[in-house]
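A look at the structure
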Amino acid sequence: MPTEFISLTPANGADELHPHADSGVNPEYIVRHSVVLDNYGFNYTLIPYGSNGPDPFTIGATILAATKNIKIIIALRPNTMYPTVAAKMLATLDHLGKGRTVVHFIAGGSDAEQAKEGDFLGKDERYGRLEDYIKILRRAWSSPEPFDWDSKYYQFKQFSASVRPLAGDIPVSVGGSSDEAYRIGGSLADIFGLWGEPLKETKDQIDRIYAEAEKAGRKDRPRIWVTFRPILGETEETAWAKAHRTLEALERNAKGGIYGATAATKDAPANVGSQRLLDIAKRGEVQDRALWYPTVTATGARGASTALVGSPQTIADSILDYVKLGADLISIRGYDNLGDATDYGRFILPRVREGLKDIEQQA
């Protein structure tokens, strides 16, 4: 598969540096941001989900109507929607976008966050439910006849979907760093999402995912998606000066409680992925070529938070290091959402794509 690029489209112009700059759902901003991504050759944009946030499906439909090529990745928590309903909604989006829909499942890493929407299952049970969910979606999209389902998590009779994905299926993405995440993602997912870790740890995780795929009897493997938060400067010096200004703003906002209790109180996060990031951060600020960890500690490892810092060539070379490990889906989003997306499209994507041509010629 070719190496492709992912970004994220927020619902408004607020970001981690300016959290109060905008609020609610801003349709004009959504369209502007997604068109910038489309014009600069990003292949996908993630539409995030939070218990207090807007609906990704309607934002996704807005993006599909405003763009020509970019695919949407709908973030979906299984506790928020019955799988038969999700099968129809995702397939409908796929038709509206002429085959440009992907779904990314969030099993749920925080008991407190899940409880906000009435989900009180333990973590292992949440992954068990996710396994059922993926199987039901695929059955709904492929079964020519109505079918029943009777499991611990879902029960229904004679369901049949009249709307199905244009290509017969929609790519399914799973993320996480726990044993159950590796098992479910390795055995069932088309894509497995990882947060940016050093090269060695990333390679170890990829090996775990591939081993689970082989154990499940798969002939193929999930594509690997790795996420970074690049801080870009014209030179190394200007990039690092910008990085420290960014860090100061993140720390200031953390003290104000912008990132929630974890960052403000230094309580340990519940999910394994965030715990891994914080453990790695203890080893030093910079890992490998340009992977910078103070942004992790400043936000309490709240989601994807590892930065790549440097000139355009340094960041492009760092991304290529991960491509060589097997990551062919690279997510880059900054702290100034729209401005950084524009800079990445101008300075990063072309350099990475040129580097990929060099790698192919050497092979």
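Residues numbered from 1 in each chain as written. Predicted model: local features only at pLDDT ≥ 70, side-chain atom pairs only at ≥ 80, totals over all residues. Heavy atoms only, no water.

Right, let's talk about the sheet that holds strand β12 (residues 291-292) for a bit. Taken together, the four strands give an open sheet; going across it, the order is β10-β13-β12-β11, and neighbouring strands pair in mixed fashion. Edge positions in the sheet fall to β10 (231-232) and β11 (286-287), since each of these pairs with one other strand and no more. Both β12 and strand β13 (residues 307-310) contribute to a ladder of two bridges, which runs antiparallel. From the neighbouring strand, tryptophan 292 faces β13, where its bridge partner is alanine 307. (Pairing = 2+ DSSP bridges. Helix = DSSP H or I, 4+ residues; strand = E, 2+ residues; numbered from the N terminus.)

Attention shifts here to the pattern of salt bridges. By the definition in use, this model includes 24 salt bridges. For the salt bridge of glutamate 16 with arginine 229, the shortest nitrogen-to-oxygen distance reads 2.4 Å. Taken together, the residues glutamate 16 in the loop between β1 (4-8) and α1 (27-39) and arginine 229 in the loop between β9 (223-228) and β10 connect sequence positions 213 residues apart. There is no split in this pair, since glutamate 16 and arginine 229 are both buried. (Salt bridge = Lys/Arg side-chain N within 4 Å of Asp/Glu carboxyl O. Buried < 20%, exposed > 50% of the residue type's maximum accessible area, 1.4 Å probe, protein only.)

Bringing the sheet that holds strand β2 (residues 44-47) into the picture now. Spatially, eight strands are ordered β1-β2-β3-β4-β7-β8-β9-β14 in a closed barrel, and the strand pairing comes out parallel. On average, each strand axis in the sheet is inclined to that of its neighbour by 30°, with strand direction left out of account. Across three bridges, β1 lies against β2 in parallel orientation. By the bridge assignment, serine 7 is partnered in β2 with threonine 45. Strands in contact with helix α2 (residues 56-66) are β2, β3 (71-76) and β4 (101-105); relative to β3, the strand with the most contacts, it is inclined by about 175°. The sheet strands contacting helix α12 (residues 312-325) are β9 and β14 (327-332), and the helix crosses β14 at an angle near 145°. (Axes fitted to C-alpha atoms, helices over the stretch in contact; angles between N-to-C directions. Contact = heavy atoms within 4.5 Å.)

On inspection of all chains with the given rule, the structure shows ten aromatic pairs. Linked through ring pairs, Tyr82, Phe105, Tyr133, Phe147, Tyr154, Phe156 and Phe159 together constitute an aromatic cluster. The ring of tyrosine 210 carries the charged tip of arginine 221 above its face, separated from the ring centre by 4.1 Å. A cation over a ring is seen here: arginine 229 above tyrosine 335, with NZ or CZ 4.2 Å from the ring centre. (Phe/Tyr/Trp six-rings, centres within 6.5 Å; stacked < 30°, edge-to-face > 60°. Lys NZ or Arg CZ within 6 Å of the ring centre and 35° of its normal.)

Another aspect to go through is unusual backbone geometry. You will see that glutamine 158, though not glycine, has its phi angle at about 55°, which is positive. Of note in the backbone geometry, aspartate 288 takes a positive phi value of approximately 55° without being a glycine. As for its placement among the helices and strands, aspartate 288 is situated in the loop between β11 and β12.

Okay, the confidence of the model for the protein chain next. Per-residue pLDDT for the protein chain averages 94, and the proportion of residues at 70 or more is 97%. Confidence drops under pLDDT 50 across residues 261-265; counting only partners more than four residues distant or on other chains, this segment forms ten contacts. (pLDDT = per-residue confidence, 0-100.)

Where burial is concerned, the two faces of strand β7 (residues 172-175) agree: the one with Val172 and Val174 and the one with Ser173 and Gly175 are both buried. One ladder, built from three bridges, connects β4 with β7; its direction is parallel. Each residue of the ladder has a partner; that of valine 103, found in β7, is valine 172. Strand direction decides the pairing type here: β7 and strand β8 (residues 191-195), joined by three bridges, are parallel.

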